Amino acid sequence: MIEIHKLNAFVAVVEESNISKAANRLYMQQPPLTRLIKSLEQELGTVLFKRLPRGVEVTEAGRVLYQEAVSILAHAQAIPKRVQNIAQGLEGQLHIGFTHSVGLHPFLPTLLHQFREQFPAVTIQLEEESSRDLIDAVFNEKLDLIFCVSPRHFVPSCRVYMCWMNH
């Protein structure tokens, strides 16, 4: 498995076409960067750069690694924001259950439309079931939220919040 810091160093060398310039960009000395690149080449079993009198030129194998490395580094950079978004409920998946009669009421489509506008990165999974099945599903953590017409099977000690509509 290639370490992220090696990919980052490799990308810098490719983009600068010069190990000394890449070392400056990475705030490190040239000899440790050279060792890092040689280590990466040994790890992959191929030469990634042609050494030139005034810099380096990436090989064909190096070009492929560069394309993959840029993608991996961009993905790695996005991970903290994505994790924060999921933790804050701005991204992820929401499982919602409703009874047939609630689905016929304009309240639910309006609410879902407003939610999707406000939280476009949240995927909504809808499930239509009987009130009893919905309540069981929310207690068993298969649904996050349910909409029922009447609270026939309500358990007051439950810490799950449910919405009921009165006609």
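Since the structure is predicted, the reported quantities are computational estimates derived from the model, not experimental observations. (Residues numbered from 1 in each chain as written. Predicted model: local features only at pLDDT ≥ 70, side-chain atom pairs only at ≥ 80, totals over all residues. Heavy atoms only, no water.)

**Thoughts on the pairing of strand S1 (residues 49-52)**
So, point 1. The pairing of S1 with strand S2 (residues 55-58) spans 4 bridges and is antiparallel. Its bridge partner lying in S2, Lys50 is registered against Glu57. (Pairing = 2+ DSSP bridges. Helix = DSSP H or I, 4+ residues; strand = E, 2+ residues; numbered from the N terminus.)

**Section: the packing of aromatic side chains**
So, point 1. Evaluation of the coordinates by the stated rule reveals 3 aromatic pairs.
So, point 2. Aromatic pair Phe107 and Phe147: ring centres 5.8 Å apart, planes at 70 degrees, arrangement edge-to-face. Within this pair, whereas Phe107 is found in helix H6 (residues 107-118), its partner Phe147 is found in strand S5 (residues 145-148), the two being separated by 40 residues in sequence.
So, point 3. Take Phe107: its relative accessible area is 32%, and that puts it in the partly exposed class.
So, point 4. Ring geometry for Phe115 versus Phe119: centroids 4.9 Å apart, planes at 35 degrees, classification tilted.
So, point 5. Its relative accessible area of 24% is what places Phe115 among the partly exposed residues. (Phe/Tyr/Trp six-rings, centres within 6.5 Å; stacked < 30°, edge-to-face > 60°. Buried < 20%, exposed > 50% of the residue type's maximum accessible area, 1.4 Å probe, protein only.)

**Focus: the packing of helix H1 (residues 4-16) against helix H4 (residues 60-87)**
What describes two packed helices is the angle between their axes and the distance between those same axes.
So, point 1. At their nearest, the axes of H1 and H4 sit 9 Å apart, and the two run at 125 degrees to each other. Judged by the angle between their axes, H1 and H4 are oblique. Where H1 crosses over H4, the handedness of that crossing is left-handed. Packed against H1, whose contacting residues are Ile4, Leu7, Asn8, Phe10, Val11, Val14 and Glu15, the element H4 presents Gly62, Leu65, Tyr66, Ala69, Val70, Ile72, Leu73 and Ala76 at the interface.
So, point 2. Its residues placed into classes, the contact of H1 with H4 shows 12 nonpolar, 2 polar and 1 charged. (Axes fitted to C-alpha atoms, helices over the stretch in contact; angles between N-to-C directions. Parallel < 35°, antiparallel > 145°, perpendicular 65-115°, else oblique. Left-handed = near helix turned anticlockwise from the far one by under 90°. Contact = heavy atoms within 4.5 Å. Nonpolar A, V, L, I, M, F, W, Y, C, P; charged D, E, K, R; others polar.)

**Focus: the pattern of salt bridges**
So, point 1. One pass over the full model with this rule turns up 7 salt bridges.
So, point 2. A salt bridge links Glu15 to Arg25, with the nearest nitrogen and oxygen atoms 2.6 Å apart. In this pair, Glu15 sits in helix H1 while Arg25 sits in helix H2 (residues 19-25), placing the two residues 10 residues apart along the sequence.
So, point 3. The salt bridge partner of Glu91 is Arg82, with a shortest N-O separation of 2.0 Å.
So, point 4. The exposure class assigned to Glu91 is buried, which follows from its relative accessible area of 15%.
So, point 5. Each of the salt bridges in this network shares a partner with another, and the network as a whole consists of Glu15, Glu16 and Arg25. (Salt bridge = Lys/Arg side-chain N within 4 Å of Asp/Glu carboxyl O.)

**Regarding H4**
So, point 1. Spanning 28 residues, H4 covers 41 Å between terminal C-alpha atoms, matching the ideal 40 Å at 1.5 Å per step.
So, point 2. Along H4, the helix axis deviates most sharply at Ile79, where the bend reaches about 35 degrees; the proline Pro80 sits within four residues downstream.
So, point 3. Taken residue by residue, H4 has Gly62, Leu65, Ala69, Leu73 and Asn85 as its buried positions.
So, point 4. Contacts from the buried residues of H4 go to H1, helix H3 (30-44) and S2.
So, point 5. Immediately downstream of H4, the backbone of Gly89 shows phi near 80 degrees, a positive value. (Expected span 1.5 Å × (residues − 1). Bend = angle between axes of the 7 residues up to and from the residue.)

**Quick notes on the packing of H1 against H3**
So, point 1. The N-to-C vectors of H1 and H3 enclose an angle of 110 degrees; their axes lie 10 Å apart at closest approach. Comparing the axis directions of H1 and H3 gives the class roughly perpendicular. Where H1 approaches H3, its residues His5, Lys6, Ala9, Phe10 and Val13 are matched on the opposing element by Leu33, Leu36, Ile37, Ser39, Leu40 and Glu43.
So, point 2. Of the residues in the contact of H1 with H3, the class split is 7 nonpolar, 2 polar and 2 charged.

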